[in-house]
Amino acid sequence: TLLCLFVVLCALLAAHECSAGFASYWYSVDNNYGQMLQLVEAHKPAISSVILDCGHSTDAAGNITSPTVDTTCSACISGLTALGIKAELALNLLNCSIEILHEMFLKPETVASQLLQVHAHYNHSLFGWNFDFEPQAAKAGVPCQGGASGTAADGLSYAKFLGKVRTTLNANQLRLTVDVADWSVVLNQYGVLAPNVDRLLDMETYNDPNLVTWEQYYHHMVNPNVSRSAVGIGMFPFAAKNGTWPSSPDSVKQRMSLLQRDNVPEVFLFRIYTESNPQWPWPMWWPFLEAFVNGTVV
């Protein structure tokens with residue numbers, strides 16, 4: 001009888017354990033970065049890495065450019081490292097230009113080498129690079145306002161380019177993550193892109209009017225055609241209006257439970273923002289995020 005009770009108890013405990021998850025957060029670096037570090041320190045168990053948008057981008061020829069003054073970026077990287085949190089850098093595409101992306105397709109080795117130079121500049125303290133390339137046309141001369149640009153063939157070229165860059169980064173202990181979304185034919189070929197990156201970070205799942213709609217976006221990424229090890233699900237850790245579905249703790253639990261059920265390895269939070277009240281992520285998110293990272297049922 002005691003043995004049976006022990007077996008049942010062990011089964012119950014096992015049912016409350018999941019695979020440990022990885023939680024990454026996007027942060028736009030500014031002079032208030034000290035508040036970001038305080039927030040991270042207060043919620044360390046729920047945070048795996050912070051992707052820093054320090055202003056790294058491309059020029060018209062597809063070469064990597066760095067911010068003229070990067071003291072705040074250096075301070076963020078040092079501060080996160082001191083807290084035991086991984087630091088990654090975001091890379092943006094100048095003017096959302098598909099033409100510049102075409103230039104980059106021609107020289108993956110050069111691009112990878114330039115990324116490693118930036119890594120060396122920060123004393124080899126980075127955990128990875130995040131490509132936030134969202135090709136869009138200009139509208140009335142204003143970049144990034146004219147709708148999606150590029151073709152399905154560009155998506156295939158992008159995948160090949162990413163695979164070559166990733167090989168070099170991985171050889172130098174850096175991971176490569178790429179932001180993707182349904183709205184772009186360059187970015188929505190998830191099954192093609194996945195084998196060429198360490199993680200796809202899905203921006204489409206930011207859209208969260210209700211659970212049914214959110215699950216539709218979710219399953220565009222979480223399905224047998226996309227390697228599960230490459231899946232990262234993006235979330236807005238706040239809601240535009242109180243009283244809506246995404247403003248409730250139940251909505252967070254429903255979404256995070258799906259990630260655990262489906263063994264999704266990463267959740268990506270857009271974003272850390274300390275200049276609002278409440279700060280982002282909203283407080284209701286932290287217990288669920290900590291459980292996801294720890295591998296306990298949310």
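Residues numbered from 1 in each chain as written. Predicted model: local features only at pLDDT ≥ 70, side-chain atom pairs only at ≥ 80, totals over all residues. Heavy atoms only, no water.

A. The arrangement of the overall build of the protein chain in detail. On a plain count of helices and strands, the protein chain comes out with ten helices and ten strands. Here the protein chain, with 298 residues, has 51% of them falling under the buried criterion. Once local pairs closer than 6 in sequence are excluded, the contacts in the protein chain between residues at least 24 apart make up 76%. Just so you have it, the protein chain exposes about 13,100 Å², and 56% of that area is on carbon and sulfur atoms. (Helix = DSSP H or I, 4+ residues; strand = E, 2+ residues; numbered from the N terminus. Buried < 20%, exposed > 50% of the residue type's maximum accessible area, 1.4 Å probe, protein only. Contact = heavy atoms within 4.5 Å. Areas by Shrake-Rupley, 256 points an atom, 1.4 Å probe, with all protein chains shown as cover.)

B. View of helix 3 (residues 71–82). Compared with an ideal rise of 1.5 Å per residue, which puts twelve residues at 16 Å, helix 3 spans 16 Å between its outermost C-alpha atoms and is within 8% of the ideal. Of all the residues in helix 3, the buried ones are Thr-72, Cys-73, Cys-76, Ile-77, Gly-79 and Leu-80. Mapping the buried residues of helix 3 onto a view down its axis gives an arc of 165°, with all of them on the same face. Those residues of helix 3 that are exposed and angled more than 90 degrees off the buried face are Thr-71 and Ala-82. Elements that come into contact with the buried residues of helix 3 comprise strand 1 (22–28), helix 2 (33–42), strand 2 (49–53) and strand 5 (86–92). After helix 3 finishes, the residue Gly-84 shows a positive phi value of roughly 80°. (Expected span 1.5 Å × (residues − 1). Arc of directions from axis to C-beta.)

C. Examining helix 10 (residues 286–294) more closely. All buried positions along helix 10 are accounted for by Trp-286, Phe-288, Leu-289, Ala-291, Phe-292 and Val-293. At its buried positions, helix 10 is contacted by strand 1, helix 2, helix 9 (249–261) and strand 10 (266–269). Looking one or two residues past helix 10, Gly-295 carries a phi angle of roughly 80°, positive in sign.

D. Structural detail: the pattern of salt bridges. Inspection of the entire model under this criterion finds six salt bridges. Across the salt bridge formed by Arg-166 and Asp-198, the nearest N and O atoms sit 3.1 Å from each other. Taken together, the residues Arg-166 in helix 6 (residues 152–171) and Asp-198 in the loop between helix 7 (190–193) and strand 8 (199–202) connect sequence positions 32 residues apart. A relative accessible area of 22% means that Arg-166 is categorised as partly exposed. (Salt bridge = Lys/Arg side-chain N within 4 Å of Asp/Glu carboxyl O.)

E. The packing of helix 4 (residues 98–105) against helix 6, seen in detail. Two elements in contact, helix 4 and helix 6, have axes whose closest approach is 10 Å; the angle formed by their N-to-C orientations is 45°. When the axes of helix 4 and helix 6 are compared, the pair comes out oblique. At the point where helix 4 passes helix 6, the crossing takes the left-handed sense. Contacts from Ile-98, Leu-101, His-102, Met-104 and Phe-105 of helix 4 reach helix 6 at Asp-154, Ser-157, Tyr-158 and Phe-161. Of the residues assigned to the contact of helix 4 with helix 6, the class counts are six nonpolar, two polar and one charged. (Axes fitted to C-alpha atoms, helices over the stretch in contact; angles between N-to-C directions. Parallel < 35°, antiparallel > 145°, perpendicular 65-115°, else oblique. Left-handed = near helix turned anticlockwise from the far one by under 90°. Nonpolar A, V, L, I, M, F, W, Y, C, P; charged D, E, K, R; others polar.)

F. Region of interest: the state of the cysteines. Under the criterion given, the structure shown has two disulfides. The disulfide bridge from Cys-54 ends at Cys-73, spanning 2.1 Å between sulfur atoms. Measuring handedness by torsion sign, the sulfur bridge of Cys-54 and Cys-73 sits at about 80° and is right-handed. Separated by 19 residues along the polypeptide, Cys-54 in the loop between strand 2 and strand 3 (57–58) and Cys-73 in helix 3 bring together distant segments of the chain. What makes Cys-54 buried here is its relative accessible area of 14%. A sulfur-sulfur separation of 2.0 Å characterises the disulfide bridge that pairs Cys-96 with Cys-144. Handedness of the Cys-96-Cys-144 disulfide follows from its S-S torsion of about 100°: it is right-handed. (Disulfide = S-S within 2.5 Å.)

G. Seen up close, the pairing of strand 6 (residues 128–132). Of all the five residues making up strand 6, five are buried; the element is thus mostly covered by neighbouring parts of the structure. Burial along strand 6 is two-sided: the residues Gly-128, Asn-130 and Asp-132 and Trp-129 and Phe-131 are all buried. Relative to strand 6, strand 5 is paired through five bridges, and the arrangement is parallel. Its bridge partner being in strand 6, Leu-91 is matched across the sheet by Phe-131. By the bridge criterion, four bridges tie strand 6 to strand 7 (residues 175–180) in an arrangement that is parallel. (Pairing = 2+ DSSP bridges.)

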